[in-house]
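Next come the chains, spelled out residue by residue.
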Amino acid sequence: MAYPYVHEREVRMISRNFGDPAARTLDGYRERGGYRGLERAFEIGPAAVIDEVKASGLRGRGGAGFPTGLKWSFMPKAGVKPHYLLCNADESEPGTFKDRELIRWDPHQLIEGCLIAAYAMGSRHAYIYLRGEFFEASQVMARAVEEAYERGFAGRRILGSENDIEVTVHVGAGAYICGEETGLMNSLEGRRGEPRVKPPFPAAVGVYSMPTTINNVETLAAVPHIVEHGGEWYRQWGTDKSPGTKLFCVSGHVEKPGNYELPLGFPMMELIEDVCGGVAEGRSLKSVIPGGSSVPLMDVEDCRECTLCYEGVEAAGSMLGCASVIVMDDRTNIVREVRRMVQFYAHESCGQCTPCREGTPWMTQVLRRIEAGRGTESDLDTLLDMSAQMTGTTICVLSDSAAAPVVSSIEKFRDEYLALIHGGERVEVA
Amino acid sequence: MLTQDERNRIRAEAAHYDHPQAACVEALKIVQEHHRWVSDEHLKEIAALLDMSPEALDSVATFYNLIFRKPVGENVILLCDSVSCWIMGYEGIRAHLKEHLGVELGETTSDGKFTLLPMACLGTCDRGPAMMVGNELYRNLDNDKVDEILARYRHPSGA
Amino acid sequence: MATIYVDDRPYEVDPAKNLLEECLSKGLDLPYFCWHPALGSVGACRQCAVKQYRDENDQRGRIVMACMTPAMDGARISIRDKDAVQFRAGIIELLMSNHPHDCPVCDEGGECHLQDMTVMTGHNYRGYRFGKRTFTNQQLGPFINHEMNRCITCYRCVRYYRDYAGGKDLDAFASHNHVYFGRHEDGALENEFSGNLVEICPTGVFTDKTLKQHYTRKWDLQTAPSVCAHCSLGCNTIAGERYGQLRRILNRYNAQVNGYFLCDRGRFGYGFVNGDRRLRQPRLLQDGESRPVSGAEALKRTALLLGRQSRVIGIGSPRASVEANFALRTLVGSRNFFSGMAPGEEHLVARMLHVLRGAGVRTPSLCEVESADAVLVLGEDVTQTAPLLALAIRQAVKQAPRRQAMQLRIPRWDDAALNEVMQQQKGPLYIATPAGTRLDEAATQCFRGAPDDVARLGFAVARALDATAPPVRGLSREERAAVQAIAGALRKAERPVVVSGSGCGSEAVVDAAAQVARALGGAGTANLCFTAAECNSFGLGLLNAMGTAEAFQRVADGLVDTVVVLENDLYRRVGRASVEAMLASAHVVAIDHSATDTVAGAEVAFPSGTFAETEGTMVNNEGRAQRFYQVFVPQGEVKPAWSWLGELAQAAGRTELTGLRSPDDLLAALGRAVAAFEGLPERVAGASFRVNGEKVPRLSPRASGRTAVSANVNVHEPKPPEDPDSPLAFTMEGYPQQPPSPLITRFWAPGWNSVQSLNKFQAEVGGALAGGDPGMRLIEPVANGAAAYTDEIPPAFRRRAGEFLVVPLHHIFGSDEQSAVAPAVAQRSPGPYAALSPEDAQTLGVQDGEFVEIELDGGMFQLPALLMSSMTVGVLGVPVGIGSLRGVDLPARSRCRRV
């Protein structure tokens, strides 16, 4: 199989065209069944589209897992005011690399998803906000949009219908925080990408102060399939609370890192051992971050019974997030990796809220000190106190994200911290 | 002075939006394409074109990692320094790059060829360590691969 | 009304407010940084955290930000909750992690909100053990000092400067914990209200650079309630002195007038009080030589000039208090008392007073202008002539969009959300002036024209609003369209306001503004706001003085022996030749605080006190009489002008001022003599006023240097000076609590050393001062006084070949006589110029900076041309009070040629 790694247990729905360059063109996409979802959407009408998406139980794939159909239904009725659909393609959560692949292999799938979503919510303008670093992806996307316009799949009177939907690709300029939906809206307006205070929520006051819905790339990629085949069909995969399939981005110490589309509820250990070929170089597993760097770390014990769905990972003490599974083997210096994550957040903090702006660099320095063997046990209390101060107390969740790995690592890997503190050097675990 | 082409492109971008300010990041990028970075003079010119104060534009410009308000080399190396790359050996690559180029992070080589910058996750964690040089993404880096890539940029003719 | 429970105690609150506002209003202490009553909430600093509980059974609760939580009925919160207390201390600790702890060398020290809040939260042990980030500071001009290392990133500065005051050149740069607040590059802050950053910044990032030059801690300043002397708005200030020098001006909150803010002229224009142009000793002019003399000698000389046989007239002043003017009027008799205003201005002030008193329209306070939802400005460049009115108008344009935003159920205080919804929308503001103004950028539409055309536009708007108003013929198509737009916006508004004044020197413009206000209808609706040239123009106007021109006529006619000139540089009022003729043909006795040209030419000159060295009453543009109090005892023989007048009378054996030995006496007599002032004396806290039997101290209880303060001169302790004229004391003894609102000498409350302690002085946060805002309105419309429309509509302006209409252009920095010599303000003042439209410049063949010559009032003036694209063709603008061109009544026609 061509795409880096493919596994037989995968259910390749949104990733079906990965590794298939021919699918990038509109014709190639059509030949593979593309744009049928859009045609069906136009047949059944906006309300029915929302109903199908609601029935599918699709949950937002950007990390929070909010039910998509419900989110769509928050949009006010289409009226005088313009409504906007925003596609969040500012993928920058460390450990996550699915949206880039969805865009570069299957841009029309995303365009179709955007068109259906925009149509369902009465929005006549969809923006696709790509992060600035995605140069290749942005070119692929721009070409696909251009083609869609040329062929009547975007713009005025789509597919000969009465529906006008503009699709605009907007490329950012490098700022993690623009992945936060209100930060993204500010960035789109040409402002600093600082998250906004909610309420008001985007469905009431969004981009250009107009009602706005913002969905992740992967969420929108699933929409054409759901609309084409029906919500119930989508539920044949996954669990009751987490229906459907999900791309798992596996990175770190595994034999075959990559994107795998699996039904939600897939067992964590089977993903690592079976699908990804196990921990690399025959080492043993130490820790897994299941949902990108902003969720709590899991130790081996947590992983054993964990199933990869929203409720399953939560039961294991972490969060599914965007299903970015970072695998760390027994040689990994947990303190250093945690410091690296916190340092990332310190740099990417927008600087609005005190706990985040001041707390993240402070924590970084405390972690550095511990790493360097100059820490004290009271530093751990300091870290935990600061984490508490930074959780649930700011405008967006960036500071929560920074605190999560700190708290969980001290909880699960306290001995590593203590070894550094007392020994001055990290003790190799046999 | 901005070239006529830059001005035209900026005006065209601004025309897409109700508020010309919405095009400001795009405008900064257009200027960067030509000049690699945004000087104070250019910043003022762009601001005037978009009916913004230099302060308002600079406020936006300095928020974003990919807008350079200081001179950079011919090739900007963005070295991903997020967690997955760290796990996969980022520190070795960083040390190698620093030694090879003779610069620290944030600096430009004396020949003006390269500027080395750390960058938040590049979103290719399954193939770390990774870096971008200009618009090109390079993955699964090791020291030899880094040498080979840099050589290509040093001698673009492909000697 | 709603009931909330704070730590289980019920409070009646306004559910339209947030919890922080209401806690502060109830006198509870809750620390905060990013919230400001005038700016609203954004929820960034996270300092005002409280625990909120679902109901009385909820034991866990959750941390919420009080500033972002509505004070909803039944809300239960705890300020004292352990978690909330710990959280707030934690926030301070975070904020302080990069703060340099340089309080001993920081100008904010001792009046720092950050210090106060730190103490309030109980944070006292620093856990941060790492390096601190540092920044490079910027040179921000003569007013503001910049020290970024102290910044705690509350964002108040940009929110105030950019969002509130409309400034463009201050912003937030970079991100994470490197956010930097400043300009794009070094340079003077351009906004006219930059000085408020000093009070907005909760710590020492933006501090008063003029104070720095003679720095004194807040607690060592001797302070008194004062009123700004630099324009007609009468903003309330607190002036502070030490060692005989006036050292700074702070805002004194008055909900009806200036609210929380001052303009930079008002804040930094005080330097003239300490300046070397001050007259500190009487002078005699003998044989062409001026020499300093003792008061006794000067009085002896003056006694001869003011003798019973002498024919004496008095010339008053729009920058002197009503008491001083009235003392002069009393001394010389009302038929011999002349206003001393420039003839044109004098006429316009009379006209404006006539309109406001008789025409059934009411003039709004500044606070009411802020809440206007449609504004028409006729002829006035308010940013330059009445700066804070421009700031109020900048708030008014937010009213209409805000009202729309609030329909989305966003509370009034939620600044973050309101800004998102309002984006950059602005409500209706129309400006018609001869040249561009700084407010234009906030305007819906601007109209340029000569004063007569500005007036015609106004008259036409009145006609469009009310068909019984006289029509205006011969308007262009554009003018007619503008008229329709303006009339439509005013008609649609709930609270429209027309703003005009004497700024462009046109009676027609004043009449037109009145006409529009009348056409809008409704006595009782505050819809006509006038501004005049000086701080007491309206007060003087109410004294029914004779016209200035007549004074000169009488002297020329040989009917006068002696002229007493009160605090007035006549060269600024009438042509040089007229003044010189007067000086040559009559004995001139001048009383003034500074050595003006008039003082230099006077036979006898007496040094009077500035606003800081005397007390008195001024009447602002809204007709509000406000008392300012003496701040300190002046050095030398400086005395209040009214006091000199009393001594002059006594020395000359005259009895007119007998028994009028204090401002209180004069005010009481004024109340009896002039109907407009009736009732005012009873409203003023006079010299005999006491709180609990005590005077109100000007010094703080912490003032240092009470003893041995003059040990370098004499080791014997001088007795503190007494103040027989006011209820204030020049000591730290006296009523230790909050004084009544007109007597607030400083904003301070236990635990609140900074200006933020103002919260404790208000009846409710952002509302009136406890006990009511000071001042008494003397001008109210006569009931049923609706006057008839005027049909004196000027013809359209027609330019004549080779000739220009010269109009006055005002400058916030430079046009006001007193502040212009303050060093900081002088630095920002433009030089002389003749502003021309590029079209006219081309016709004349002049380039920018080349000299042109104009002829005015018989004098020839050479001025560098300034090409101004917004200038009306056929009109030429000259700066008021700057350069040699003064004493000319404008507008006037003049030839103009290239030199």
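Basis of the calculations
By convention here, each chain's residues receive numbers from 1 onward along its written sequence. Labels are handed out in written order, letters beginning with A for the chains and numbers beginning with 1 for the ligands. Given that the model is predicted, a residue must reach a pLDDT of at least 70 before its local features are reported, and side-chain atom pairs must reach 80 or more before they are shown or counted; all residues, however, enter totals for whole chains, interfaces and linings. Put simply, DSSP H or I for four residues or longer makes a helix, DSSP E for two residues or longer makes a strand, and each gets a number counted from the N terminus. Two things to know: the radius of gyration comes from C-alpha atoms, and the globule rule equals 2.2 Å times the number of residues to the power 0.38. Note that contacts rest on C-beta atoms placed from the backbone: two residues are in contact if these are within 7 Å. Each pair of strands is called paired provided DSSP finds at least two bridges between the two strands. For helices, the axis comes from a line fit to the C-alpha atoms of the stretch in contact; other axes are also lines fit to C-alpha atoms, and the angle between any two N-to-C directions lies between 0 and 180 degrees. Here the nonpolar group is Ala, Val, Leu, Ile, Met, Phe, Trp, Tyr, Cys and Pro; Asp, Glu, Lys and Arg are the charged ones; every other residue, Gly included, is treated as polar. Residues with at least 20 other C-beta atoms within 10 Å of their own are called buried, those with 12 or fewer are called exposed, and the rest are partly exposed. The C-beta atoms themselves are positioned from the backbone. Comment on the angle field: the value is read as roughly parallel under 35 degrees, roughly antiparallel over 145, roughly perpendicular from 65 to 115, and oblique elsewhere. Working rule for handedness: look at the near helix, and if it is turned counterclockwise from the far one by less than a right angle, call the crossing left-handed; if clockwise, right-handed. Residue ranges labeled as domains rest on an automatic or database domain assignment. Buried Ala, Val, Leu, Ile, Met, Phe, Trp, Tyr and Cys residues form a nonpolar core when they are connected through C-beta atoms within 7 Å. Take the residue count of a helix, subtract one, and multiply by 1.5 Å to get its expected span.

**Student:** Hey, could you run me through the overall build of chain C in this one?
**Tutor:** Secondary structure summary: chain C contains 27 helices and 35 strands in total. For 899 residues, the compact-globule estimate of 2.2 N^0.38 gives 29 Å, and the C-alpha radius of gyration of chain C, at 28 Å, lies within 12% of that figure. If you line up chain C on its principal axes, its C-alpha atoms span 90 × 80 × 55 Å. When contacts within chain C are restricted to residue pairs at least 6 apart in sequence, those whose partners lie at least 24 apart make up 75%.

**Student:** Looking at this structure, I do not really get the sheet that holds strand β23 (residues 587-592) of chain C. What am I missing?
**Tutor:** All names here are of chain C. Taken in spatial order, the seven strands of this open sheet run β14-β13-β24-β23-β22-β15-β16, and their pairing is mixed. Each of the sheet's edge strands pairs with one partner strand only, and the pair in question is β14 (289-292) and β16 (337-338). Bridge count for strand β15 (residues 312-315) against β16 is two bridges, and the pairing is parallel. Bridging from a neighbouring strand, I315 pairs with F338 of β16. The strands touched by helix α9 (residues 322-332) are β15, β16 and β22 (562-566); relative to β15, the strand with the most contacts, the crossing angle is about 165°.

**Student:** Can you help me understand the interface of chain B and chain A in this one?
**Tutor:** When the parts come together, some accessible area is lost, and that loss is often what is quoted as the size of the interface. On the chain A side, the residues contacting the 29 residues of chain B number 38 residues. Of all the secondary-structure elements, those providing two or more residues to the side of chain B that touches chain A are α2 (24-35), α4 (54-61) and α5 (83-87) of chain B. By residue number, the principal contributor to the side of chain B that touches chain A is α5(B), which donates four residues. Of the residues contributing to the side of chain B that touches chain A, the split by class is 18 nonpolar, nine polar and two charged.

**Student:** Which parts of the structure should I look at to understand the interface of chain C and chain B?
**Tutor:** Contacts between chain C and chain B engage 11 residues on the former and nine residues on the latter. Across the side of chain C that touches chain B, the residue classes tally to four nonpolar, two polar and five charged.

**Student:** Teacher, can you tell me more about unusual backbone geometry here?
**Tutor:** The general pattern is negative phi for most residues beyond glycine and trans for most peptide bonds. P200(A) follows P199(A) through a cis peptide bond whose omega is 0°. Of note, P200(A) is situated in the loop between α8 (181-188) and β4 (212-216). Cis rather than trans, the peptide bond between L890(C) and P891(C) has omega equal to 5°. Take P891(C): it is sitting in the loop between β34 (875-879) and β35 (892-898). Look at E281(A): it is not a glycine, yet its phi comes out positive at around 55°. With respect to the helices and strands, the residue E281(A) is situated in the loop between α11 (268-275) and β8 (285-289). One non-glycine residue, R36(B), adopts positive backbone phi at about 75°. Within the fold, R36(B) resides in the loop between α2 and α3 (40-49). Residue R36(B) is classed as partly exposed on the basis of its C-beta count, with 16 C-beta atoms lying within 10 Å.

**Student:** Even after reading the chapter, I still don't get the packing of helix α8 (residues 295-305) of chain C against helix α23 (residues 641-651) of chain C, so can you show me in this structure?
**Tutor:** The geometry of a pair of packed helices is captured by two quantities: the angle between their axes and the separation between those axes. Residues and elements named next belong to chain C. Packing of α8 against α23 leaves a shortest axis separation of 8 Å and a crossing angle of 60°. Compared by their axis directions, α8 and α23 come out oblique. As for the relative orientation of α8 and α23, their crossing is right-handed in sense. The segment α8 lies against α23, with L299, K300, T302 and A303 engaging E647, L648 and A651.

**Student:** Would you explain the pairing of strand β1 (residues 75-80) of chain B in this entry?
**Tutor:** For a regular strand, side-chain orientation follows a simple rule: the groups alternate between the two sheet faces. Residue and element names in this part refer to chain B. The element β1 is extensively covered by neighbouring structure, given that six of its six residues are classed as buried. Burial of the side chains of β1 extends over both faces: N75, I77 and L79 are buried on one face and V76, L78 and C80 on the other. Of the strand pairs in this sheet, β1 and strand β2 (residues 114-119) are connected by six bridges, and their pairing is parallel. Paired with L78 across the bridge in β2 is L117. Here three bridges tie β1 to strand β3 (residues 131-133), and the two strands are oriented antiparallel to one another. Within β3, the position partnered with L79 by the bridge is M131.

**Student:** Help me out: how do you make sense of the domain arrangement of chain C in this one?
**Tutor:** We note that the domain assignment places domain 1 (2-96), domain 2 (283-342 + 540-776), domain 3 (346-532) and domain 4 (803-898) within chain C. Along the lines of polarity and charge, the residues of the side of domain 1 of chain C that touches domain 3 of chain C split into four nonpolar, four polar and two charged.

**Student:** How should the nonpolar core be read in this particular structure?
**Tutor:** Core analysis: the largest hydrophobic core is formed by 481 residues, its most contacted members being C87(A) and C114(A). The dominant element in this core, judged by the number of residues it contributes, is helix α18 (residues 507-520) of chain C, at 10 residues. With sequence-adjacent residues up to four places away left out, C87(A) is seen in contact with L110(A), C114(A), A126(A), Y127(A), I128(A), Y129(A), N215(A), V217(A) and L220(A).

**Student:** I would appreciate a short explanation of helix α6 (residues 107-120) of chain A in the present structure.
**Tutor:** Here α6(A) spans 20 Å end to end across 14 residues, near enough to the 20 Å set by a 1.5 Å rise per residue. Of all the 14 residues making up α6(A), 14 are buried; the element is thus mostly covered by neighbouring parts of the structure.

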